[in-house]
Amino acid sequence: MLEVRVLGQLQVAVNGNLISVTAPMQRALLASLALARGHVLTRGQLVDALWANPPATAVNSVQQHVSALRAGLGQEAIVTAGASYRLRVDPVSVDVSRFHALVAEARRRRKTGDAAAASRLLWEAVGLWRGAALADLPDCPFVAPARAGLDDALLAAELLRVSVEIEMGHAAAVVERAGALAAEHPFNESAAEQLMRALAGTGRTADALEVYDRIRARLVEELGMDPGERLRATHVAVLAADPTLAAPAAPRWLPDTVPRPANAMLGREPELTEVEQLLAAPGVALITLSGPGGVGKTRLAVELALRAATDREVVYVALDVVPTADRVLPTVAAALQLRATPDADLVAEIANVVQGRDLLLVLDNLEHVIRVAPDLARLLSLARGGVQLLVTSRESLRIRGEHLVRVNPLATEFSGPDDSGDGVGRAVAGATPAPAVELFWQRAEAASPEFRRENDPAAVRAICERLDGLPLAIELAAARVNVLPPEQMTERLSHRLSLLTTGTRDAPHRQQSLRACLEWSVDLLTDRERWLLGVSSVFVGGLTLASLEAVSAAILPHVDAVAVVDSLVAKSLLRPVSDRAGTRLFLLETVRELAAELLESSGERHVVKLAHARHFHDLLAQEPNACLWPPRNAQELAAWTAELPNARAALQTLEETGASQLRADLAVALFSIAQNGGFIDELETHLTALRASPDVAVASQVDLTGAAAWLAEMRGETVRAGRLLDAALDLVATMVPPNPAQEAVLHQYGAVIAYHRGDSRRRALESELAKSAALASGNEELIAIVETIQPMTAGAGFLARAERALSSARRHDNQIVESYALLELSEVALNSDQPAVLAHAEQWGRRATQIGLLMGDVVPQARGLSNAGAAVLLAGGSSSQAAADLRTSLQGARRVGDVATEIEDLLRLAAVEGVRGATDRARVLYTMWRALDEKDGPNVSSSNRRIIETFLPHLAGQPLDVDDPAARLTLAEAVEVALAERTIPDISDVGAGHPR
C-alpha cells in the first residue's frame, strides 16, 4: 500500500516501509500528484507546475521522472491515462486528503451537535502536520500557492478547533492557543474573534475588548478598512455582556484541565492498552506510571486522560509546582473546585465530593511529595469507588491496591527483517523505524528544514541507543541538529549532561535539560542512596546485588545495601533485569554519568574502583587450571559473560594501579571466554605486557604464555603458537615443586596445534605427555578432559571408543569440554568412508553446535557446523545443505575472530562449488584458502586433506600463483567473496601486501 505525506517534509512509504526519493524534481512531481487528490494531471499541467520557464525537453523530463518514480514505488503507483497521470493511492493514505476529510467530518459532527466528536477529529487532523507543508521541495511554481492554501486550511482547522472547545466549555484550555494564532495572523479577523470569545468565556472582558481595539486600529491604519460584520458583532456582544458568550454548561461536571500535547504520541500502544485495561477492570482504584526521569510518564498520562475524557469525568493535577506533601490535598481540592472549611478533614471532604462520580483523577509528578501516599490510600477507601487515581511518579507509592505500570524507554531497533547485520540498513531501505528513531527524526525535521532522514540513519540510531531511548534526551539531542549533524553528535555523547541543555521554553524547568531532569531525581535521595548510586557507576554492563554488597562493604562495612538498592529500584534509578544468568541491576547510561559525578565529588572514586577490581579478581580468578575452567556449562558461561564488561574494567584498573599479579590472575581466568566475549586483541595486549613483567610469579607466567599460545592457534598462527607453547613448557620445567596440572594443559594445547598442522606424530606424542601429566596431578576432572580428547582413528571400534570418551566428559557436567570432544570426534570421523561413521560426524558436529547455542558460545557453533557441512558433502548429501552449514559457520567465525575456522571454511566451500560444477568459483575459493593457509606454513588437517583429494584433486597439484588477485586478498576480503558480499570481479583491484 502506498502512502504519501506532504504536511511537513515529503515522505513516501510502501507497505509501511519508508522509501527514499532523493531527486528534487521527482519529489516535486510526486507532491503535485498527491495534491491533486486522485485527479489526473496532464503532462502540460505538470510542466507548468514544475518549471516557470520550461525547457524544450520538459515533457520528456516529466516522463523520465514518472518512470523513475515507478521504479522506486512500483509500476502501478502512477497510472497513465492518455497524456495524463494519476497517483493510484487510497485517499486516507495521503495525509493532505485525510486532513481535509477529517476537518469536513468535524464540521458535519459539529452541525449535528456532537461537539466532542468534532473536537477529537480536529485534534487528529491538526496532528497530521509534521512541520511546514512541502518543506523540502524545490522552488517550483506550484509550491508557494499550494503551501499558502494548506497553511490557510490549517489555520481554519485550528480556529474551528478553538471554537468547538469554547462551545464545550473549555475556553480556559484554549486561551493560550487562541492568543498564539491571533499573534501569528495579526490581520485575521477570525483569529481575533475566537480569542475574544475565549477571553470573554473565562471572564476576561477587558482583555477581550483590548483585542478588538488592537486589530481595529491595525486594520484602519495599515489596510484602510474597518472590521467585518462578524467581528463587530462579537465586539458588541462583549460590551453588552451577552450571555451567549459565557461558558455554557460543559458535558463534564468539572472544567477541562487536561493539557493538550503539541505532538502525536509515538511507540506507547502497549502501555496504553495495559493501562486502559486496568482502568476498565473492576476493583482497580490506583495505577502508578513509574519510570526514570525523561521516559515520558507525563505524556503517557496526558494521552490516557484525553482518551478517558470522551466518556467520563477527568481532572488533571500537575504537582511539580507543589513544594511539599502537605500542599497536595489543597491543590487537589482546588482542582475539584472544593472550598474546604478551615481545619477541615480534607481527605474526607474530597471523598464526599467524588462519591458516586465516575472520576479519573490524574496526579502528575508525585515523587517529591510521596509522603502524601497514606492520605491517598485513605481517600480511595472513603470514596468507595467514586474515583480512580492515575499517578505518575519516579517512585512507586507502596500502598495497598497499587497497580504499578513501568514505563520503559522507547525501542531503538527497527522492526521487520534485517539483512544488514547491524540493525541499521533497514533505515535506508525504508523499514518501519523504531519509535525512538522516529521521535528523533520528527523533532529534527521541526528544528531544521535542512535535516534529511536518509542521512546518517546509523548515527541517529546510535544516538538513540546511547541516550537509552529516553524521549526527553532524544528530543533535546534532535534540537541540536542545526549545529551538530548526527554523526558529530555521537562523538560528543560521552558528555551528555553538558551537551543536552536546551529544551523548549514552555517546558517545566526539570525538562529544560537532561541534567535538570536527573537532578530532580537525585535531589530526592538520602545521603546513603546517593553514595550507593555513585558506587554503582563504576560497574559496567550491569551488576548483581551480591557484587554491589561486596564492593560497598569493602569501604563502608555496615551499609544495608539490600534496603538501599530496593529504594533505588523503586525510584527507577536502578533497573532489575532477569535472564538465565540471574537478576542483574542496570543503570541507564544517562543516569550513570550523573552518578559518576556524585562519586567523583565524594573523593572516593579511586578507592571504589580499586574495591571493584579486587572484587572481580576474587570472584573470577579463584580456581586453578583457569586455562580450562570455569566456565564449565551454560549457567556458568552466562554468569561469566554477564560479568565480562566488569572484568575488563577491573583489568584496566589493576593495570593503572600496577597490581601486576592480580592483573595476571584475572587475565588468565578470562582467557577461556576471550573469543566468545569478543576481546581477543585486548586480552592479548594484557598477556604480552604481563609476560614481560618481573612482578608476576613463574606459575602465572606459564599460564599467560600458554594462553597466548592458544589464542595464536585460534588466529590460525600455528607457527607462533608452537613457539609460545615451547616457551611455556620451558618455564614449567623450571618450577619447583613441579606442577603436572599445568604441564598437562600445555601438552594438550600442543596436541591440538599439531593436529591443525597435520603432524600426527607430534600430536600422538603431546597427547601421551598430557595424559601422563594429568594422571600425576591426581585431578579427576583434568584426567577426564585429557582422556576425552585423546587422538583416535576412524577404524574398527571407533564409535564405541568415541561414546566412552563422551560419557567421560558428561560425567563432570563440563559442557565446554563435551563440545570440544564432539568437535574432535567429528574431525576424526570425517576421515572415514563408512556411511555410519560419516553420519556420526554430522551428528556430533550438530550436537557441538547445539551446546554452543545453549551456552551462547559461538566457537563450537561455528566449528560444529563446519564439520557437519563437510560430513554432508563427504557422504554425498545435499550440496545446498552443506553450503548453508558452511556459510553460517563462516559468518559465526568471522563474528568472533576464529581465524582458523574462517580459513578452513574457505576450503570446504570451494569443495561445495566443485561438487556443483562451478569450477571458476571453486578455483577462486581454493586459491584464497591456500594463500591464507600458507602464510603461516602449510597447515592441512587429515580431514581437509581428504576433502581436497575427493573434490579438488585437479587444483591440489598446481603451484600457487602469487599474482592471482584471489591470492592477494586479505582474510576479511576473502570471507566477503565467499559469502557473496563482494563479487568475484571486484577482487581484480585488490593490491598485494595486505595483512591477513
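Residues numbered from 1 in each chain as written. Predicted model: local features only at pLDDT ≥ 70, side-chain atom pairs only at ≥ 80, totals over all residues. Heavy atoms only, no water.

As named in an unreviewed UniProt entry, the protein is LuxR family transcriptional regulator, taken from Intrasporangium oryzae NRRL B-24470. In UniProt, the protein has this text filed under Sequence similarities (unreviewed entry): "Belongs to the AfsR/DnrI/RedD regulatory family." (UniProt positions renumbered as here; feature names shortened; annotations may be inferred.)

A. Representation of the confidence of the model for the protein within the structure. Residues at a pLDDT of 70 or more form 90% of the protein, whose mean pLDDT is 85. Confidence scores differ between elements of the protein, with helix H16 (residues 425-429) showing the lowest mean pLDDT of 40 and strand E7 (residues 286-290) the highest of 95. In this model residues 249-253 is a low-confidence stretch, pLDDT under 50, and it forms 11 contacts with partners more than four residues away in sequence or in other chains. pLDDT under 50 marks residues 987-996. Its contacts with residues more than four places away, or in other chains, come to 26 contacts. (pLDDT = per-residue confidence, 0-100. Helix = DSSP H or I, 4+ residues; strand = E, 2+ residues; numbered from the N terminus. Contact = heavy atoms within 4.5 Å.)

B. View of helix H22 (residues 514-522). For H22, a buried count of 7 out of 9 residues is recorded, marking the element as mostly surrounded by other parts of the structure. Among all positions in H22, only Leu-514, Ala-516, Cys-517, Leu-518, Trp-520, Ser-521 and Val-522 are buried. (Buried < 20%, exposed > 50% of the residue type's maximum accessible area, 1.4 Å probe, protein only.)

C. How the structure looks around the sheet that holds E7. Taking strand neighbours across the sheet as the criterion, the 5 strands line up as E8-E9-E10-E7-E11 in an open arrangement whose pairing is parallel. Lying at the two open borders of the sheet, with one neighbouring strand each, are strand E8 (313-318) and strand E11 (402-406). Each neighbouring strand pair of the sheet contributes to a mean axis angle of 20°, computed without reference to strand direction. As paired strands, E7 and E11 are joined by 5 bridges and run parallel to one another. The partner of Ile-287 across the bridge, within E11, is His-403. Helix-sheet contacts for helix H12 (residues 297-308) involve E7, E8, strand E9 (359-364) and strand E10 (387-393), and the interaxial angle to E10 is about 160°. (Pairing = 2+ DSSP bridges. Axes fitted to C-alpha atoms, helices over the stretch in contact; angles between N-to-C directions.)

D. Highlighting the packing of aromatic side chains. For the coordinates displayed, the defined rule picks out 6 aromatic pairs. Aromatic side chains Phe-99 and Trp-129 sit 5.8 Å apart centroid to centroid with 75° between the ring planes, which places their arrangement in the edge-to-face category. Taken as a pair, Phe-99 in helix H4 (residues 95-111) and Trp-129 in the loop between helix H5 (115-127) and helix H6 (143-167) lie far apart in primary sequence, 30 residues in all. Each member of the pair, Phe-99 together with Trp-129, is buried. (Phe/Tyr/Trp six-rings, centres within 6.5 Å; stacked < 30°, edge-to-face > 60°.)

E. Summary view of unusual backbone geometry. Pro-737 follows Val-736 through a cis peptide bond whose omega is -5°. Relative to the helices and strands, Pro-737 resides in the loop between helix H33 (718-733) and helix H34 (740-756). Notably, Arg-398 is not glycine yet its phi reads approximately 60°, a positive angle. As for its position among the elements, Arg-398 is in the loop between E10 and E11. Residue Ser-572 is not a glycine yet carries a positive backbone phi of 65°. Note that Ser-572 resides in the loop between helix H25 (561-570) and strand E12 (575-579).

F. Here's a closer look at the sheet that holds strand E3 (residues 17-19). Spatially, 3 strands are ordered E1-E2-E3 in an open sheet, and the strand pairing comes out antiparallel. The outermost strands of the open sheet, each flanked by one partner alone, are strand E1 (2-5) and E3. Across the sheet, the mean angle from the axis of one strand to that of its neighbour is 30°, orientation sign disregarded. Bridge count between E1 and strand E2 (residues 11-14): 4 bridges; the pairing is antiparallel. Directly across from Arg-5, in E2, lies its bridge partner Gln-11.

G. Local environment of the environment of Ser-807. Positionally, Ser-807 belongs in helix H37 (residues 798-811). For Ser-807 and Glu-818, which are 11 residues apart along the polypeptide, the C-alpha to C-alpha distance reads 8.8 Å.

H. Local environment of the packing of helix H41 (residues 879-896) against helix H42 (residues 899-916). Look at H41 against H42: their axes get within 9 Å of each other, and the N-to-C directions meet at 160°. Taken together, the axis directions place H41 and H42 in an arrangement best described as roughly antiparallel. Where H41 crosses over H42, the two elements pack in a sense that is left-handed. Contacts between H41 and H42 involve Ser-879, Ser-880, Ala-882, Ala-883, Leu-886, Arg-887, Ser-889, Leu-890, Ala-893 and Arg-894 from the first element and Thr-901, Glu-902, Asp-905, Arg-908, Leu-909, Val-912, Val-915 and Arg-916 from the second. Of the residues assigned to the contact of H41 with H42, the class counts are 8 nonpolar, 4 polar and 6 charged. (Parallel < 35°, antiparallel > 145°, perpendicular 65-115°, else oblique. Left-handed = near helix turned anticlockwise from the far one by under 90°. Nonpolar A, V, L, I, M, F, W, Y, C, P; charged D, E, K, R; others polar.)

I. Quick look at the pattern of salt bridges. According to the stated counting rule, one finds 50 salt bridges in the structure shown. Two residues, Glu-303 and Arg-307, come together in a salt bridge whose shortest N-O distance is 3.8 Å. Taken as a pair, Glu-303 and Arg-307 lie in helix H12 at a separation of 4 residues, close to a single helical turn. One salt bridge connects Glu-589 with Arg-592, and the closest N-O pair in it is separated by 3.1 Å. In this pair, Glu-589 and Arg-592 both sit in helix H26 (residues 589-602), 3 residues apart, roughly one turn of the helix. Residue class for Arg-592 comes out buried when judged on its relative accessible area of 15%. Taken together, the shared-partner salt bridges connect Glu-269, Glu-276, Arg-299, Glu-303 and Arg-307 into one network. (Salt bridge = Lys/Arg side-chain N within 4 Å of Asp/Glu carboxyl O.)

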